[in-house]
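Here are the chains, one letter per residue:
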Amino acid sequence: MKRTARAFWIGAPGHGEIRDVVLPDPAEDEVVVRSLWSGVSRGTETLVFRGGVPENQYASMRGPFQEGDFPGPVKYGYLNVGVVEEGPAALLGRTVFCLYPHQTRYVVPATAVTPVPDSVPAGRAVLAGTVETAVNALWDARPLIGDRIAVVGGGMVGCSVAALLARFPGARVQLVDADPTRAKTAEALGVGFALPADALGDCDLVVHASATEQGLARALELLTPEGTVLELSWYGDRKVSLPLGEAFHSRRLVIRSSQVGTVSPNRADRSYADRLALALDLLADPALDALVTGESDFEELPDLLPRLASGEIPALCHRVRYTDIG
């Protein structure tokens, strides 16, 4: 039986297109997945869409099931939820999450999919990859009970971090963003909100996720002496200036990076699979629905990505809906 599918490709920077593909026959240890939903991670995927991945980062930015190469043509994405149509009996008919690009059907090793818990709606499960990033960030940061914490940058990653910190005992958590409409998102997540000029200082930890120079500078200003900025932003090919004069040294401030490509060394006992399974379990919280801010059909992706990249659609996670096509 000939299996066909349709896939979204970036034909060249700034240009998306839908392509027809023929799927390979699955091996015994593989599954055929029919997509139900996928998510567009606005920060990373719009960076890829505009061709902003630096050449020296092509290898590290490569997606698990990416086809083609940066800057294009390339098939890129990593937030896919579908149902297993063919494969091992234990997975047949199960709703699963996979780090796969936007495509109507696909064939992958059975080990590449993670079952979605019954407590998590399939449409919310597209957030798993971003919540996994937040889990890893907090493993890196190791917040303590009673910490004063700011999350600077109310995008998809920053809001995911804030959502997890909202559960942390005794912590003062504030989401900081230049967009006042993020106050509603912060309220839904159960954390405080402030514009940058009004943010509370003396923070033990600031998680920076705004991907702006101004945001990083403000993150440093908000720290208490010997406090830490955990840098989650991905700047792509942009240069960033840091204010490392004045009191940076005398206050003994720390800046450290975190990136989901490696499991935090603070949790060397956990695997990639453990981390993703934990992220999916955490998505049982309906408050995380606040991170899904738009929805479109798969066929609309070529018109959608330019609007997301330009900021015309100010999305956190934009969800892509699939019908049974191809």
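In what follows, the structure referred to is the one given above.
Please read these numbers as outputs of a predicted model, since none were measured by experiment. (Residues numbered from 1 in each chain as written. Predicted model: local features only at pLDDT ≥ 70, side-chain atom pairs only at ≥ 80, totals over all residues. Heavy atoms only, no water.)

**A closer look at the pairing of strand E7 (residues 95–98)**
- Alignment of strand E6 (residues 80–86) against E7, held across four bridges, turns out to be antiparallel. Looking at E7, one finds that Val 81 is bridged to Phe 97.
- Sheet topology places E7 next to strand E9 (residues 113–115); three bridges connect them, and they run antiparallel. Each residue of the ladder has a partner; that of Cys 98, found in E9, is Val 113. (Pairing = 2+ DSSP bridges. Helix = DSSP H or I, 4+ residues; strand = E, 2+ residues; numbered from the N terminus.)

**Examining unusual backbone geometry**
- Going from Phe 70 to Pro 71, the amide bond is cis rather than trans, its omega being 0°.
- Inspection of the secondary structure assignment puts Pro 71 in the loop between strand E4 (67–68) and strand E5 (74–75).
- The omega torsion across Gly 72 and Pro 73 is 0°, close enough to zero to call that bond cis.
- Locating Pro 73 in the fold gives a position in the loop between E4 and E5.
- A positive phi angle, close to 55°, is found at Asp 202, a residue other than glycine.
- With respect to the helices and strands, Asp 202 occurs in the loop between strand E12 (192–194) and strand E13 (203–208).
- Judged by its relative accessible area of 47%, Asp 202 falls in the partly exposed class.
- One non-glycine residue with positive phi stands out, namely Arg 252, at about 55°. (Buried < 20%, exposed > 50% of the residue type's maximum accessible area, 1.4 Å probe, protein only.)

**Side note on the packing of helix H1 (residues 42–49) against helix H7 (residues 301–310)**
- Close contact between H1 and H7 brings their axes to 9 Å; oriented N to C, the two are set at 110°. Classified by the angle between their axes, H1 and H7 sit roughly perpendicular to one another. Across from Arg 42, Glu 45, Thr 46 and Phe 49 in H1, the residues of H7 making contact are Leu 305, Pro 306, Leu 308 and Ala 309.
- Here the residues of the contact of H1 with H7 are counted per class, giving five nonpolar, one polar and two charged. (Axes fitted to C-alpha atoms, helices over the stretch in contact; angles between N-to-C directions. Parallel < 35°, antiparallel > 145°, perpendicular 65-115°, else oblique. Contact = heavy atoms within 4.5 Å. Nonpolar A, V, L, I, M, F, W, Y, C, P; charged D, E, K, R; others polar.)

**What about the packing of helix H2 (residues 128–141) against helix H6 (residues 272–282)?**
- The geometry of H2 relative to H6 is characterised by a closest axis approach of 8 Å and an angle of 110° between their N-to-C directions. Classed by the angle they form, the pair H2 and H6 counts as roughly perpendicular. As for how H2 packs across H6, the hand of that crossing is right-handed. Residue-level contacts link Ala 128, Val 131, Glu 132, Val 135, Asn 136 and Trp 139 of H2 to Tyr 272, Arg 275, Leu 276, Leu 278, Ala 279, Leu 280 and Leu 282 of H6.
- Classifying every residue of the contact of H2 with H6 gives ten nonpolar, one polar and two charged. (Left-handed = near helix turned anticlockwise from the far one by under 90°.)

**Quick look at the state of the cysteines**
- What the rule picks out here adds up to zero disulfides.
- Of all cysteine sulfurs in the structure, the one in Cys 317 sits closest to Cys 98, which takes part in no disulfide; the separation is 16 Å.
- For Cys 98, a relative accessible area of 0% translates into the label buried.
- There is no disulfide at Cys 317, and the cysteine sulfur nearest it, in Cys 159, is 11 Å away.
- Its relative accessible area of 0% is what places Cys 317 among the buried residues. (Disulfide = S-S within 2.5 Å.)

**A look at the sheet that holds strand E11 (residues 172–176)**
- As summarised here, the arrangement of the six strands in space is E12-E11-E10-E13-E14-E15, forming an open sheet in which the pairing is parallel. This sheet does not close on itself; its edge strands, each paired only once, are E12 and strand E15 (254–257). Each strand of the sheet is rotated relative to its neighbour by a mean of 20°, with strand direction disregarded.
- The pairing of E13 with strand E14 (residues 223–231) spans five bridges and is classified as parallel. The partner of His 208 across the bridge, within E14, is Glu 231.
- Sitting on the sheet, helix H3 (residues 156–165) touches strand E10 (148–152), E11 and E13, and the angle it makes with E10 is about 160°.
- Contacts between helix H4 (residues 182–189) and the sheet are confined to E11 and E12, with E12 contributing the most and set at about 165° to the helix.

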